[in-house]
Amino acid sequence: MSAIVFYVLAVITVIGALGVVLDRNVVRATLSLLIAMLGVAGIFLVAYAEFLALAQILIYAGAVTIVILFAIMLTRTTDLNINLDNPQRPVAFLIAVGVFVLLTLTFIYSDVPQLAEPDSVAVAIAESNSTGFETVGDSLFNQWAIPFEIASVILLVAMVGAIALARGDDNEPAVDASVEINEVSA
Amino acid sequence: MNEFNWTYIAVVVVGIFGLFAFLSTVVISLTWYERKTLARIQMRAGPSRVGPHGLLQPMADVFKLITKEDIRPTNSSGMLFWSAPIIVFVSAFLVWLTVPFADGAVVAPQELGLLYIVAISTVGIVGLLIAGYTSSSKYSVLGGIRAAAQLVSYEIPIIVVVLAIAVLVQSLDLRDVVLGNEVTIGERVISFGGQGAIPFAFIMPLGLIVFILAGLAELGRTPFDIHHAESEVVGGPFLEYSGAHWAVFFLAEYINTFVIAALTILLFFGGWSWPSPPESIFGTALEEWQTDALGVGWFLFKTYMVVGLFFWFRGTYPRLRIDQLMAFGWKSLIPLSFVNFILMSIVIFYDWPLWTMTTFSVPILIGGLYFGARRTARKADPSTVQMYRRASRDDGGNKLVPDGTGD
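Residues numbered from 1 in each chain as written. Chains lettered and ligands numbered in written order. Predicted model: local features only at pLDDT ≥ 70, side-chain atom pairs only at ≥ 80, totals over all residues. Heavy atoms only, no water.

Participant: I keep staring at the overall build of chain B and nothing clicks. Help me out?
Facilitator: Summing up its helical and strand segments, chain B has 14 helices and four strands in all. Counting the 407 residues in chain B, one finds 49% classified as buried. Within chain B, counting contacts between residues at least 6 apart in sequence, those at least 24 apart form 73% of the total. Accessible surface computed for chain B: about 19400 Å², of which carbon and sulfur atoms make up 65%. (Helix = DSSP H or I, 4+ residues; strand = E, 2+ residues; numbered from the N terminus. Buried < 20%, exposed > 50% of the residue type's maximum accessible area, 1.4 Å probe, protein only. Contact = heavy atoms within 4.5 Å. Areas by Shrake-Rupley, 256 points an atom, 1.4 Å probe, with all protein chains shown as cover.)

Participant: What should I look at first to understand unusual backbone geometry in this one?
Facilitator: A negative phi holds for most residues other than glycine; trans holds for most peptide bonds. Residue and element names in this part refer to chain B. Even without a glycine there, the phi angle at Met43 is positive, about 55°. Structurally, Met43 is set in the loop between helix H1 (6–41) and helix H2 (57–67). For His53, which is not glycine, the phi dihedral falls at a positive 55°. Inspection of the secondary structure assignment puts His53 in the loop between H1 and H2. Judged by relative accessible area, which is 59%, His53 ranks as exposed.

Participant: Just checking my understanding: could you explain the environment of Leu369 of chain B for this structure?
Facilitator: Residue and element names in this part refer to chain B. Turning to its location among the elements, Leu369 is positioned in helix H14 (residues 355–376). For Leu369, a relative accessible area of 26% puts it in the partly exposed group. Residues within four places of Leu369 in sequence aside, it is in contact with Ile209, Leu213 and Leu336.

Participant: Whenever I open this one, the pattern of salt bridges confuses me. Can you help?
Facilitator: Between side chains of opposite charge, a pair can form as their charged atoms come close. Residues and elements named next belong to chain B. Using the criterion set out here, one finds six salt bridges over all chains in the structure. Salt-bridge contacts for Arg35 lead to Asp61; the nearest nitrogen and oxygen are separated by 3.1 Å. Pair noted here: Arg35 is in helix H1 and Asp61 is in helix H2, with a separation of 26 residues, a long-range link. With a closest N to O distance of 3.0 Å, Asp225 and Arg319 form a salt bridge. (Salt bridge = Lys/Arg side-chain N within 4 Å of Asp/Glu carboxyl O.)

Participant: Would you mind going over the nonpolar core with me for this structure?
Facilitator: Side chains of nonpolar character tend, in soluble globular proteins, to be buried together. Residues Trp96, Ile130, Phe211, Leu267 and Phe268 of chain B are the most contacted members of the largest nonpolar core, which totals 116 residues. No other element matches helix H5 (residues 138–169) of chain B, which puts 15 residues into this core. With near-sequence residues (within four places) excluded, Ile130 of chain B lies in contact with Val27, Leu31 and Leu69 of chain A together with Leu80, Ala84 and Ile87 of chain B. (Core = buried A, V, L, I, M, F, W, Y, C linked by side-chain atoms within 4.5 Å.)

Participant: I would appreciate a short explanation of the confidence of the model for chain B in the present structure.
Facilitator: Regions with low pLDDT should not have their predicted coordinates read in detail. Of the residues in chain B, 87% have a pLDDT of 70 or more, and the chain-wide mean is 82. Both confidence scores are given for the complex: pTM 0.83, ipTM 0.78. (pLDDT = per-residue confidence, 0-100.)

Participant: For this particular structure, what's the right way to read the environment of Val162 of chain B?
Facilitator: All names here are of chain B. Mapping Val162 onto the fold places it in helix H5. Between the C-alpha atom of Val162 and that of Gly207, which follows or precedes it by 45 residues, the distance is 8.6 Å. With residues near it in sequence (within four places) discarded, Val162 still touches Leu114, Phe211 and Leu267.

Participant: Hey, could you run me through the packing of helix H3 (residues 50–74) of chain A against helix H4 (residues 113–134) of chain B in this one?
Facilitator: When two helices pack together, their arrangement is captured by the angle between the axes and the distance separating the axes. The contact between H3 of chain A and H4 of chain B brings their axes to 9 Å, and the two run at 20°. Accordingly, the angle class assigned to the pair H3 of chain A and H4 of chain B is roughly parallel. Crossing of H3 of chain A against H4 of chain B: the hand is left-handed. Considering only residue class, the contact of H3 of chain A with H4 of chain B consists of 22 nonpolar, four polar and no charged. (Axes fitted to C-alpha atoms, helices over the stretch in contact; angles between N-to-C directions. Parallel < 35°, antiparallel > 145°, perpendicular 65-115°, else oblique. Left-handed = near helix turned anticlockwise from the far one by under 90°. Nonpolar A, V, L, I, M, F, W, Y, C, P; charged D, E, K, R; others polar.)

Participant: Whenever I open this one, H5 of chain B confuses me. Can you help?
Facilitator: Residues spaced three or four apart along an α-helix face the same direction, because each turn holds 3.6 residues. Residue and element names in this part refer to chain B. Counted at 1.5 Å a residue, the expected span for H5 with its 32 residues is 46 Å, and the 46 Å between its end C-alpha atoms agrees. Among the 32 residues in H5, 24 count as buried, and that is most of the element. Taken from the residues just after H5, Gln170 is the one with a positive phi, measuring 60°. (Expected span 1.5 Å × (residues − 1).)

Participant: Even after reading the chapter, I still don't get the packing of aromatic side chains, so can you show me in this structure?
Facilitator: One pair of aromatic rings is described through two measures. These are the centre distance and the angle between the planes. All names here are of chain B. Tallied over the full model, the rule gives 27 aromatic pairs over all chains. Judged by centre distance (5.3 Å) and plane angle (70°), the ring pair of Tyr370 and Phe371 falls under edge-to-face. Joined through ring pairs, the aromatic side chains of Phe22, Tyr33, Trp96, Phe101, Phe258, Phe299, Tyr304 and Phe311 make up one cluster. Above the face of the Tyr254 ring, Arg221 is positioned so that its terminal group lies 5.6 Å from the ring centre. (Phe/Tyr/Trp six-rings, centres within 6.5 Å; stacked < 30°, edge-to-face > 60°. Lys NZ or Arg CZ within 6 Å of the ring centre and 35° of its normal.)

Participant: Which parts of the structure should I look at to understand the packing of H5 of chain B against helix H13 (residues 322–349) of chain B?
Facilitator: Residues and elements named next belong to chain B. Interaxial distance between H5 and H13 falls to 8 Å at its minimum, and their mutual angle equals 15°. As summarised for this structure, H5 and H13 are arranged roughly parallel, according to the angle between their axes. Crossing geometry of H5 relative to H13 is assigned as left-handed. The residue makeup of the contact of H5 with H13, split by class, is 21 nonpolar, six polar and one charged.

Structure, rendered in structure tokens:
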């Protein structure tokens, strides 16, 4: 049964991912991204990782998609209709295939518990009678506290840097979105 | 979900249809309730022609909306245009799957219920943005951008207040929040909340006020209805929708109103638990279903009271300006919610009595809201708000030029 659910979710995720790559309309591609993200969240649920699934929905399906849409709406729509292909296309294709082969090989030769035999995982989780939420918190804030803090600091640095770049000169007037929208619609 | 259990799946499917019927009824009642409340505040009669006291007016409105022609702007992308209301509605509806009406009356109880509610409701914002973008109208685009900016900002105080509640109860399960939770730390068994305990509203009044204000903003209700402000963006993201699709947005909006009210009751006012057990009030022993039914009734009564408060706000307050709105969110509510969270963590960590939390909260709440409101009421900062007017014909025609500062 869980195998059927997994394959349904996998098909949804792949269709969503293909939509992201193949669709020429950027907003429609973002919607496909949302579908792919939700599909991945569903796969996490099949693998008994409830916390990961909810974090996936909150951060990727929610926040990241919103930020992408926000960026699209605030830029000039005319700029987005330019040709999305460029001479780097074959290189990008090679790199993508290489990453795919690498990931597949890693997955085949690692001892990750396979989705095809989820019974062992299911039994372990049923015995612990928990979503593993406490374990996640404990390892994040006790065992791996320093890497967690370093990751937070890096994110903070990136955020401060982004604000400093976007802010520009203090004497410059702020960029106003309404003017651009007006130009686009005119 | 440890097994793929067919009975469980059947219960969930029946529960989803039951929930849909229930929520539709609630939304229909809420529209009547809102119109009557606003009418009373403005000394009008409100709906009074269809049915006794206008009770059937919502039904007439539903028939009107369903039979109305569904129009799509020529420039919009069909798939995106029709999918936006669905995204908004589905995310509003899915939240209800894990909201408990009483101990036994919940479709799918979840250990991570609070996280689930926060996560699912974020997805709805995507729908608003897409609706704004595909309508190919500048008011819709502006409304969509406003909606995203507002909802993303006010999500933070809500999440942090919910976290403080989770710290207080040591659980993310909404049933634990109402029924209380027992945690074993070493040898000690500590119990949190539960029947007869003080409602959390008295333990963290700061959290309650921040939650209600941020919740109102999250709903886009007055005084925070910036993203569909009729006098500024003519209805915002919903501008180009008509008929049944507009009705779906409307449905989602009222379902969200009800969920924020229900969460206020569940998190801060003891949910379905009566002030004292129903047995002691009625003097007889009660079956389990009777206790549950009484619990659901009490819970719905309290939720409708909170919704009434929201309608009262709408009838009383004018709308905030957009820079006031963002400043109030980022400079007042977010710091206050963090103060609330840190105080709660300190109180729980050092095992102080819970009334210390109340003592800390009240002065911070009063001071914070006083300074927050004073700063919000100031004139606009010229660097954040810039008004434009059309240039005169000999000055370049169809161009916008800065026109002083907004106030």
